[in-house]
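Analysis of the macromolecular model
In case you want the letters, here they are:
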Amino acid sequence: MATLPVLVLNSGSSSIKFSVYEAAGSERRKLFEGEVEDIGANARENRGKFWIKSYAQDANGTKLVDEAPVVPDLDAGFALIAKALKQPPFPPPAAIGHRMVCGGPTVTENQRLTPELIDEMERYTAFAPLHTPVAIYIMRQVLREFPDVPNFVCLDSYFHRNLRPVARQLPIPEAYSAMGIRRFGAHGLSCESIVAHLQPYVPARLIVAHLGNGASISAILDGQSIDTSMGLTPTGGIISGSRTGDIDPGVLLYILRDLAGRATSTVDAANQLEKIVNKQSGLLGVSKLTNDMRSLRRAIAEGNADARLAVDEFTYSIRKFIGSYVAVLGGLDMLVFTGGIGENDSATRAEICAGLEPLGILLDPTLNQARGEAKISASGSSATVLVIPPAEDLMIVNHVCRLLKEQLETQQ
Ligand code: ADP
């Protein structure tokens, strides 16, 4: 059976992550992963972080690279990765998969990447303004660096492509709906990986709480996403690290009018508003301290009332979404926590679930101390509560292998 090395690229707003898997039939083996972090202006003393781990010999990973280079911009960050990937021990990739949050209304299927497709997706940068520019940049660079390797785009919005019409359609005038303004959701690859992980016993009524720097809740019926908290963009839904989540549109209008008096143009005012709702709000805005849950927990332990209020707003907004999705699903069989906070922060999980006993959600305080994959519900809980780490890159490899196979079949 042929083994295919598949390279996966997955970027954040100031980081470029990659992983290399070996695929043989339905077998998948992670060989390497790496990341350039803190690219650009946010870098401490202008230094980024560049690391690579190998999993070829050791399942826990062996560090191959651990450096703090100067990474002033994306060009510098990408150059580090491209140079590393083109030499041993990295196998030349047979295919490359790119994570993309949302391709816009015309690109809703995972598919082969072409320069024209990239141009089309770039028209909808505003649908995921923190993520799309870096993803587009990397796609163009990779097509240039690896011109003979098939590249594929894998969308977070793909898992949410069949949302119920009542969830998908936004209550706005037809002219804007016709422009493609609707709920797309995000974290789809994470949710999809949870559903794949649960196979063949996927519960009928499932809620996934993906709680990382960005956070979302999804209602999944018979393995299909029917509603999800993020909206047109990842700014909507529950509050997250530095994003507002759902907010009265009147607040946006008020801020926009306030900015308009000082902005140089309408676009400048809109850009400033975007920065406020995406980078200065959420846990950071309320705590006036940080968007990072570990730092917030330390501040709470020291008696910081703003940090306490920020985390309370976070868990409260999640509790409300879980309650509403139990209503949408007509009950609940399973709740899954995932993402950096969902996997690691037992206090957040406990605070979210406190008061959800009438919905059949009861945590076992001892089991809830777990980090990583675990069952944390009490024996009397009617819904099973699990912690499952997300496996977005593995999902991308699965999509890439399927698309590669389809492509070969149509060529025969
Ligand atoms: P991203 O959405 O950028 O992928 P992650 O899924 O890595 O983010 O989640 C980052 C969040 O997870 C941060 O708020 C971080 O503080 C939190 N986190 C990570 N590890 C822990 C931990 N051990 N305890 C509490 N929070 C944690």
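Structure: see above.
Values in this document were obtained by computation on a predicted structure and should not be read as measured data.

Some points on the overall build of the chain
- From N to C terminus, the chain includes 14 helices and 14 strands.
- A globule of 412 residues ought to have a C-alpha radius of gyration of about 22 Å, and the chain, at 21 Å, matches this closely.
- On the principal axes, the C-alpha backbone points of the chain span a range of 60 × 55 × 50 Å.
- Out of the 412 residues in the chain, the part that is buried amounts to 52%.

Quick look at the pairing of strand S3 (residues 27-37)
- In this sheet, S3 lies alongside strand S2 (residues 16-24) in antiparallel orientation, the contact comprising nine bridges. Paired with Tyr21 across the two strands is Lys30, which belongs to S3.
- Taking the residues that link successive antiparallel strands as the turn, the S2-S3 hairpin has two residues, and the phi of Gly25 there is positive, at about 60°.

A word on the site of the ligand
- Asn213, Asp292, Met293, Arg294 and Gly340 are the nearest of the 13 residues found near the ligand.
- Interatomic distance of 3.0 Å between a side-chain N/O atom of Asp292 and an oxygen atom of the ligand.
- Here an oxygen atom of the ligand sits 3.1 Å away from a polar atom, N or O, in the main chain of Arg294.
- For the shell around the ligand, the secondary structure elements donating two or more residues are helix H10 (293-301) and helix H12 (339-344).
- For the shell around the ligand, a count of residues per class yields two nonpolar, seven polar and four charged.

With respect to the side chain of Asn110
- Summarising the element assignment, Asn110 is placed in the loop between strand S6 (95-100) and strand S7 (111-112).
- Among the polar contacts listed, one links the side chain of Asn110 to the backbone nitrogen of Leu155, at a separation of 2.8 Å.
- Here the side chain of Asn110 touches His399 through a polar contact of 3.3 Å, side chain to side chain.
- When sequence neighbours within four positions are dropped, the list of residues in contact with Asn110 reads Val153, Cys154, Leu155, Tyr158, His399, Arg402 and Leu403.

The rules we used
Residues numbered from 1 in each chain as written. Predicted model: local features only at pLDDT ≥ 70, side-chain atom pairs only at ≥ 80, totals over all residues. Heavy atoms only, no water. Helix = DSSP H or I, 4+ residues; strand = E, 2+ residues; numbered from the N terminus. Rg over C-alpha atoms; globule rule 2.2 N^0.38 Å. Buried < 20%, exposed > 50% of the residue type's maximum accessible area, 1.4 Å probe, protein only. Pairing = 2+ DSSP bridges. Near = heavy atom within 4 Å. Polar contact = N/O pair within 3.5 Å; in protein donor to acceptor, adjacent residues only side chain to side chain. Nonpolar A, V, L, I, M, F, W, Y, C, P; charged D, E, K, R; others polar. Contact = heavy atoms within 4.5 Å.

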